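Summary of the model geometry
As a plain string of letters, each chain reads:
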Amino acid sequence: GKDGYRHYMEKELHEHPLVIGNTLRRMIDPATRRVVLPDLPFDLAAVPRVTMTACGSAFYAGMIGRYWLEGEARLPVDADVASELRYREPPLTPGGLALLISQSGETADTLAALRSLREGGQHVMSVLNVPESTMARESDVVLDTVAGPEICVASTKAFTAQLSVLACVAIGAARARGTLTDAREEELVQALLDLPGRAAELFGLGDAIREVAEVVADARDVLYLGRGAQFPVALEGALKLKEISYIHAEAYAAGEMKHGPIALIDRTVPVVALAPNGRLFEKTASNLQEARARGGRLMCFTDNSGAARMARIAEKMVVLPDAHEFTAPILHSIAVQMLAYEVALLKGTDVDQPRNLAKSVTVE
Ligand code: F6R
């Protein structure tokens, strides 16, 4: 049942800290505090390239994983949605790694992409929430997200569990490839282990998120902006809003605004910005300033150390706890999912069963 929550979505949002902790526990040795990947039937150090594919939210998790794999393990990653990849016929180097991500393990397009990547001589690694699924049976390695059953059609806790696994894969691959110092590994593992506690703190942000939700619920169109690994978080936020509140939302890499989308900005199109402090913070801030100068209403998700800077331009702010830049996208994903939920409550939609959608898409 819903354990006293109004919707499965609300219950599942509250399971983020637990699920992240359970997923990490499978992958981080508590004694050595090192990432332990399962025995692989191939050598990660010898993999020339990764082809990552999935659908919907699972694909956005993979996009965040791409920043980690490229940044930490210096592995080139090709990323495409499965419905495109399966027909694209990309040239594949034999011995490459296919990285598939799926909650259900039954998504038709993702499964078809898996089969064609295998045919192209790729090792198949899948990040799955259902261990006895079709994709699990057809993979060389399965990494489990320990999210438990996800009832709400819109994915929540499975998403952060996928991110937890992908972060560990990036760390493990980086170690195998010699691109990670011990000090950096310790730092990243600590950041991951801090996540359940930080995620639990997000539930104290309800009032701030509801204030943003009131503005968003009145809009017909909403823009989500982020840079770097926060760009896929913007995509996830926009998708979740569309799915459960039926408000049109688009996500852009903040640096792309001036190449077209900024023409959309006016008082009627709220901008949800993902801008925690970090390497791209000042660049994001100046993109947001430009939107603000054109009359945009900025709803800014930042962190404690970014709050003072953002307060100068944002109309409303949601201030998350500080986190390592590596793990900040995970916390911000939870926050944008919480926002979508609050907007859906205001709109009175059927949160757990959005119209036209099914939990598992087993037809093309
Ligand atoms: C969004 C959502 C969908 C799924 C997508 C893939 O909230 O739930 O976009 O992420 O349909 O499904 P799986 O992960 O089962 O392959």
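Just so you know, these numbers come straight off a predicted model, no measurement behind them.

On to the packing of helix α8 (residues 182-201) against helix α13 (residues 328-347), then. At their nearest, the axes of α8 and α13 sit 10 Å apart, and the two run at 25° to each other. Put simply, α8 runs roughly parallel to α13. The element α8 and its partner α13 pack so that their crossing is right-handed. Residue-level inspection shows Leu195, Arg198 and Ala199 of α8 in contact with α13, the latter providing Ile330, Leu331 and Ile334. Class assignment of the residues belonging to the contact of α8 with α13 gives a composition of five nonpolar, no polar and one charged.

Before going further, it helps to spend a moment on the pattern of salt bridges. Using the criterion set out here, one finds 24 salt bridges in the structure. Of the charged contacts in the structure, one is a salt bridge between Asp109 and Arg86, with a shortest N-O distance of 2.7 Å. Here Asp109, found in helix α5 (residues 108-119), pairs with Arg86, found in helix α4 (residues 82-88); they are 23 residues apart in sequence, far enough to count as distant. Judged by its relative accessible area of 21%, Arg86 falls in the partly exposed class.

Turning our eyes to something else, we now look at the environment of Leu163. Residue position: Leu163 is located in helix α7 (residues 157-176). Taking relative accessible area as the criterion, Leu163 reaches 0% and is therefore assigned buried. Sequence separation between Leu163 and Ser286 is 123 residues; the distance between their C-alpha atoms is 28 Å. If we skip the residues at most four places from it in the chain, Leu163 touches Ala61, Ile64, Trp68, Ile330 and Ser333.

How each quantity is defined
Residues numbered from 1 in each chain as written. Predicted model: local features only at pLDDT ≥ 70, side-chain atom pairs only at ≥ 80, totals over all residues. Heavy atoms only, no water. Axes fitted to C-alpha atoms, helices over the stretch in contact; angles between N-to-C directions. Helix = DSSP H or I, 4+ residues; strand = E, 2+ residues; numbered from the N terminus. Parallel < 35°, antiparallel > 145°, perpendicular 65-115°, else oblique. Left-handed = near helix turned anticlockwise from the far one by under 90°. Contact = heavy atoms within 4.5 Å. Nonpolar A, V, L, I, M, F, W, Y, C, P; charged D, E, K, R; others polar. Salt bridge = Lys/Arg side-chain N within 4 Å of Asp/Glu carboxyl O. Buried < 20%, exposed > 50% of the residue type's maximum accessible area, 1.4 Å probe, protein only.

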